[in-house]
Amino acid sequence: MTGNWVEKDLHAYVLAHRDDQEAFYAYVDKLHAEATWVEMPPLQSVEDLENYPEFIEHLRKSSEPRDKAV
């Protein structure tokens, strides 16, 4: 089982068991460890996005169709 599947399973579990705080914190810790997001300060306008080309590239990559094959 790959890390991505583990993350999806944990995500599904957390959604189904919203009162399980231990699972929630484990999921958040996993997200922080993988750090798959781009951090940036709050935007003042939509035009501010032009100042963060790495964020736009991240959005483009994350919206591309993914191969469903395992």
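Please refer to the structure placed before this passage.
Rules behind the numbers
Residues numbered from 1 in each chain as written. Predicted model: local features only at pLDDT ≥ 70, side-chain atom pairs only at ≥ 80, totals over all residues. Heavy atoms only, no water. Helix = DSSP H or I, 4+ residues; strand = E, 2+ residues; numbered from the N terminus. Buried < 20%, exposed > 50% of the residue type's maximum accessible area, 1.4 Å probe, protein only. Areas by Shrake-Rupley, 256 points an atom, 1.4 Å probe, with all protein chains shown as cover. Salt bridge = Lys/Arg side-chain N within 4 Å of Asp/Glu carboxyl O. Expected span 1.5 Å × (residues − 1). Polar contact = N/O pair within 3.5 Å; in protein donor to acceptor, adjacent residues only side chain to side chain.

Asker: What is the right way to read the overall build of the protein from this model?
Answerer: Scanning the protein from terminus to terminus reveals three helices and zero strands. Starting at the N terminus, the α and β elements of the protein follow one another as α-α-α. Residues counted as buried form 10% of the 70 residues belonging to the protein. Accessible surface for the protein amounts to roughly 6200 Å². Of this, 55% is attributable to carbon and sulfur atoms.

Asker: Please explain the pattern of salt bridges as it appears in this structure.
Answerer: Where side chains of opposite charge bring their charged atoms close, a pairing between them can arise. A complete count under the given rule lists one salt bridge for this structure. Here Lys-30 and Glu-34 are joined by a salt bridge, their closest N and O atoms 2.8 Å apart. One end of the pair, Lys-30, and the other, Glu-34, are both in helix 2 (residues 21-34), four residues apart, so they sit about a helical turn from each other. On the accessibility criterion, Lys-30 (22% relative accessible area) is partly exposed.

Asker: Where do I start with the environment of Asp-9 in this structure?
Answerer: With respect to the element layout, Asp-9 can be found in helix 1 (residues 3-16). Residue classification places Asp-9 among the partly exposed residues on the basis of a relative accessible area of 41%. As for Asp-9 and Tyr-27, which are separated by 18 residues in sequence, their C-alpha atoms are 10.0 Å apart.

Asker: What is the right way to look at helix 2 in this model?
Answerer: Structurally, the α-helix is built with 3.6 residues per turn, so residues lying three or four positions apart point the same way. Under the 1.5 Å per step criterion, the end-to-end length of helix 2 is 20 Å for 14 residues, consistent within 8% with the ideal 20 Å. Two to three positions downstream of the cap, the backbone nitrogen of Glu-22 sits 3.3 Å from a side-chain oxygen, assigning the N-cap of helix 2 to Asp-20. A positive backbone phi angle near 45° is found at Ala-35, which sits one or two residues after helix 2.

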